[in-house]
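Close look at the chain arrangement
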Amino acid sequence: MKTGRIEPNYPKVCGHQGNVLDIKWNPFIENIIASCSEDTSVRIWEIPEGGLKRNMTEAVLELYGHSRRVGLVEWHPTTNNILFSAGYDYKVLIWNLEVGEPVKMIDCHTDVILCLSFNTDGSLMATTCKDKRLRVVEPRSGRVLQEASCKNHRVNRVVFLGSTKRLLTTGVSRWNTRQIALWDQEDLSMPLIEEEIDGLSGLLFPFYDADTHMLYLAGKGDGNIRYYEIGSEKPYLSYLMEFRSPAPQKGLGVMPKHGLDVSACEVFRFYKLITLKGLIEPISMIVPRRSETYQEDIYPMTPGTEPALTPDEWLSGVNRDPILMSLKEGYKRNSKIVFKAPVREKKSVVVNGIDLLENVPPRTENELLRMFFRQQDEIRRLKDELSQKDIRIRQLQLELKNFRNSPKNN
């Protein structure tokens, strides 16, 4: 793999008409990306084999259903072609990409949704919201199973801790110090523990590795990444140590397990965005071992690249744990799944009896501009269509005239 600085004119994915707010790689099809933007759309991109050769402006699928900008996208952990999106209209839409339509709408939030996380089999979804509430939701019905009003711990981010039936949130205490809290997913009345981290102001991003029971905490604007071990009994959380670096991170991405270097005992890899230097730096978490044999204890069977369910199965109420794979032989791409975009006509999008594409008046100047650009695109498309039809009409008129004037018809 070639590393180093890329050319300034290197091809990009640039089809959105507003700032891109979130992107996620498909866990089952490695060249498919979902993105969402201030232009109110969610788009699905197919990256060609060997990478981009020119700028990509055409998405394989454009999804419109939100009336305001879309801040989050998340793939379902065990089902292929099920995608969740959360917008600034306070709604979460569940998209079935096999039909290219939203099939469910979760409408229980009263403010902007900050974070989404799923349990291992994707039967439960946890959300944090600007209304200072932590919720555990059954995604297919939209029913809120548990809700915590976090007055002493303003929640920002949430992550399910594998199949332990526990949640971890990061947030801010009433004294404006950064804090983490551990919760029982079946009883959010009180956190199991709360722990102060420091007095800095950047968001804390939590990352959990269910295979090693390790929790990583990385703060926006910090240079360090702390790590903890999660236990099933008190004190639940054991601080181990931290990675230190002078360069502040703006955000972090994570390599899927099957992309790690098992021969080097690499258990986690971050990709750290350092905007000051305009670079992305890989950071590997390595367990020091002298033996060169495969380390079974740090590489148990892990969720693989095969989906456990189809969209129809999951929507009908079936739950299934992820299909596990071993990392012993190294990752071989054997998934035969390819993404097929549905062919569909523009029409109304009705979910829970509500037409999501009804004209919603813009609430800000930015929204007005985005709506204007969308309408300009639509006008351009309709003009092209009209011009093609005009040409076809003239051709048919000419053919009819020739037919009438032909000697056979006289």
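Residues numbered from 1 in each chain as written. Predicted model: local features only at pLDDT ≥ 70, side-chain atom pairs only at ≥ 80, totals over all residues. Heavy atoms only, no water.

In the nomenclature of an unreviewed UniProt entry, the protein is known as Coronin of Zosterops borbonicus. According to UniProt, the comment filed for the protein under the heading Sequence similarities (unreviewed entry) is "Belongs to the WD repeat coronin family." (UniProt positions renumbered as here; feature names shortened; annotations may be inferred.)

For Ser85, the location among the structural elements is in strand S6 (residues 82–87). Reaching out from Ser85, the side chain makes a polar contact with the side chain of His66 at a distance of 2.8 Å. A distance of 2.8 Å separates polar atoms of two side chains, one belonging to Ser85 and the other to Trp95. Residues contacting Ser85, with those up to four places away along its chain left out, are Val42, His66, Val70, Leu72, Val73, Lys91, Val92, Leu93 and Trp95. (Helix = DSSP H or I, 4+ residues; strand = E, 2+ residues; numbered from the N terminus. Polar contact = N/O pair within 3.5 Å; in protein donor to acceptor, adjacent residues only side chain to side chain. Contact = heavy atoms within 4.5 Å.)

For the structure shown, the criterion picks out zero disulfides. You can see Cys129 has no disulfide; the closest cysteine sulfur is in Cys108, sitting 8.4 Å from it. Judged by relative accessible area, which is 1%, Cys129 ranks as buried. (Disulfide = S-S within 2.5 Å. Buried < 20%, exposed > 50% of the residue type's maximum accessible area, 1.4 Å probe, protein only.)

So, about the UniProt feature "repeat: WD" (unreviewed entry) in the protein. Taken from the UniProt record, the annotation "repeat: WD" (unreviewed entry) applies to residues 13–55, 63–105 and 106–147. Between the C-alpha atoms that bound residues 13–55 there is a distance of 6 Å. The span itself is 0% helix and 42% strand. Across residues 106–147, helical content stands at 0% and strand content at 55%; the span's end C-alpha atoms are separated by 15 Å.

In the segment running from Lys234 into Pro235, the intervening peptide bond is cis, with an omega of 10 degrees. Mapped onto the elements of the fold, Pro235 is located in the loop between strand S19 (225–230) and strand S20 (237–243). Not every positive phi belongs to a glycine, and Asn81 is a case in point at roughly 65 degrees. Since its relative accessible area comes to 6%, Asn81 is described here as buried. Located in the positive-phi region is Tyr236, a residue other than glycine, with phi close to 70 degrees.

Our next topic: the pattern of salt bridges. Summed over all chains, the structure comprises 23 salt bridges. Here Asp377 ties to Arg380 by a salt bridge, and the two come within 2.9 Å at their closest N and O atoms. With Asp377 and Arg380 both in helix H2 (residues 365–405), this residue pair falls three residues apart, about one helical turn. By relative accessible area, which is 48% here, Arg380 ends up partly exposed. Measuring nitrogen to oxygen at the nearest pair gives 2.8 Å for the salt bridge that ties Glu378 to Arg381. Here Glu378 pairs with Arg381, and both are found in helix H2, just three residues apart, close to one helical turn. With relative accessibility at 30%, the residue Glu378 sits in the partly exposed group. Classification of Arg381 by relative accessible area gives partly exposed; the value is 36%. Among the ionic contacts, a cluster of salt bridges with common partners joins Asp131, Arg133, Arg135 and Glu147. (Salt bridge = Lys/Arg side-chain N within 4 Å of Asp/Glu carboxyl O.)

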